[in-house]
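Given next are the chains, with one letter for each unit.
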Amino acid sequence: MSYNDNLKLVEDKISRAVARSHRERSDVHLVAVTKTVDVAAMEKLYDLGIRHFGENRADVFAEKVEAFADKPDVVWHFIGSLQTRKVRAILPYTRFLHSLDRVSLADEIEKRATEKMACFLQVNISEEETKHGFNAEEAIAFVKAQNYQHVEIIGLMTMAPNTDDEQTLHHVFQGLKALQQEIEKLEIANVPCHELSMGMTNDFEIAIEEGATFIRVGRALVEEN
Ligand SMILES: *Cc1c(COP(=O)(O)O)cnc(C)c1O
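Residues numbered from 1 in each chain as written. Predicted model: local features only at pLDDT ≥ 70, side-chain atom pairs only at ≥ 80, totals over all residues. Heavy atoms only, no water.

A. View of the overall build of the protein chain. Broken down by element type, the protein chain carries 9 helices and 8 strands. The C-alpha atoms of the protein chain give 17 Å as radius of gyration, which agrees with the globular expectation for 225 residues (17 Å, within 12%). Expressed as lengths along the three principal axes of its C-alpha atoms, the size of the protein chain is roughly 50 × 40 × 30 Å. Expressed as a percentage of the 225 residues in the protein chain, the buried residues total 50%. Within the protein chain, residue pairs in contact and separated by at least 24 positions form 56% of the contacts whose partners lie at least 6 positions apart. Carbon and sulfur atoms form 46% of the exposed surface of the protein chain, whose accessible area is close to 11000 Å². Across the protein chain, the mean location of the 26 positive side-chain charges is 3 Å away from that of the 38 negative side-chain charges. (Helix = DSSP H or I, 4+ residues; strand = E, 2+ residues; numbered from the N terminus. Rg over C-alpha atoms; globule rule 2.2 N^0.38 Å. Buried < 20%, exposed > 50% of the residue type's maximum accessible area, 1.4 Å probe, protein only. Contact = heavy atoms within 4.5 Å. Areas by Shrake-Rupley, 256 points an atom, 1.4 Å probe, with all protein chains shown as cover. Lys, Arg positive; Asp, Glu negative; His and termini not counted. Charge placed at Lys NZ, Arg CZ, Asp CG, Glu CD.)

Quick look at the structure:
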């Protein structure tokens, strides 16, 4: 399978999931997660039309951004767990931060940012002990208590459990959507919370059916079978 074939397959699955749920293709942003591949591989994806790239390590992220300096239409997403001391380095080129998983990280972004930073609050909706993020109650308490000028909560992000059980996956994504709507309704300044970042290689079709607006797909795009 070439990258071209991979992308066709993924786009096909997106189109079908979008159709099943009576949504539009343009409602769903495909973020190519390129944490396991090098710049040459990313250039292939770029040539196939991919513009949203997601990375999860601050150091590698900087190198890759640098390599694409001549392509200003690339949109960079940071999706990994982020150390507070790396915030300053990644802020200038991060358009979306999917992994706002603790108050201290938000405080640091608020302090370092000079303009608004679009963030997804990472929610551990399935309350797995191994996963980062706020639980539902903590997420609500957080958005109500905060008063940030730079940290903008554009939506919620979750990572579903690693399972093939479709019921469980539907349930997790429905849970994130319900929480997103609940927070959206609060109409808090700098917390529009319209977006849902959910769905990876194993579960992006289900995530789309449940309302994902950003899917983060790695292996299905970059694995060469
Ligand atoms: C690696 C990763 C992905 C992509 O996972 P795949 O299974 O390769 O599609 C998505 N989101 C996060 C946060 C990741 O770390």
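Moving on, there is more to tell.
B. Layout of the site of the ligand. Every residue near the ligand is listed here: V33, K35, I79, M157, M159, M200, T201, R216, V217, G218 and R219. Taking R219, its side chain carries an N or O atom lying 2.8 Å from an oxygen atom of the ligand. A total of 390 Å² of accessible area belongs to the ligand in isolation, and the protein chains cover 89% of it. Assessed atom by atom at 2 Å from the grid points, the ligand resides in the largest pocket. For the shell around the ligand, the class distribution of residues is 6 nonpolar, 2 polar and 3 charged. (Near = heavy atom within 4 Å. Polar contact = N/O pair within 3.5 Å; in protein donor to acceptor, adjacent residues only side chain to side chain. 1 Å grid on protein atoms, 1.4 Å probe; cavity = no way out; pocket = protein on both sides within 12 Å on 5 of 7 lines; lining within 4 Å. Sits in = over half its atoms within 2 Å of the grid points. Nonpolar A, V, L, I, M, F, W, Y, C, P; charged D, E, K, R; others polar.)

C. Structural context of the UniProt feature "domain: Alanine racemase N-terminal" (unreviewed entry) in the protein chain. Here, the residues flagged by UniProt with the feature "domain: Alanine racemase N-terminal" (unreviewed entry) are residues 20–222. In the segment residues 20–222, helix accounts for 36% and strand for 19%; the C-alpha atoms at its two ends are 26 Å apart. (UniProt positions renumbered as here; feature names shortened; annotations may be inferred.)

D. Representation of the pairing of strand 2 (residues 52–55) in the model. Burial of the side chains of strand 2 extends over both faces: H52 and G54 are buried on one face and F53 and E55 on the other. Here 2 bridges tie strand 1 (residues 29–33) to strand 2, and the two strands are oriented parallel to one another. Opposite A32, over in strand 2, you have F53 as the bridge partner. What joins strand 1 to strand 2 is helix 2 (residues 39–47), and the crossover it makes is right-handed. In terms of strand pairing, strand 2 meets strand 3 (residues 75–78) through 4 bridges, oriented parallel. Note that in strand 3 the partner of G54 across the bridge is H77. With helix 3 (residues 58–67) bridging strand 2 and its parallel neighbour strand 3, the resulting β-α-β unit is right-handed. (Pairing = 2+ DSSP bridges. Right-handed = clockwise from strand over helix to strand, strands pointing away.)

E. Here's a closer look at the UniProt feature "modified residue: N6-(pyridoxal phosphate)lysine" (unreviewed entry) in the protein chain. Following the UniProt record, one finds the feature "modified residue: N6-(pyridoxal phosphate)lysine" (unreviewed entry) at K35. Inspection of the secondary structure puts K35 in the loop between strand 1 and helix 2. With relative accessibility at 46%, the residue K35 sits in the partly exposed group.

F. The arrangement of helix 1 (residues 3–20) in detail. In this model, helix 1 (18 residues) spans 26 Å end to end at C-alpha, consistent with the 26 Å of a helix rising 1.5 Å per residue. Considered for burial, the residues of helix 1 that qualify are Y3, N6, L7, V10, I14, A17 and V18. Each buried residue of helix 1 sits inside an arc of 100° when the element is viewed along its axis, so together they form one side. In helix 1, those exposed residues whose orientation departs by more than 90 degrees from the buried face are K8 and A19. Elements in contact with the buried residues of helix 1: strand 1, helix 2, helix 8 (204–209), strand 8 (214–217) and helix 9 (219–222). In the stretch just after helix 1, H22 is the one whose phi turns positive, near 55°. (Expected span 1.5 Å × (residues − 1). Arc of directions from axis to C-beta.)

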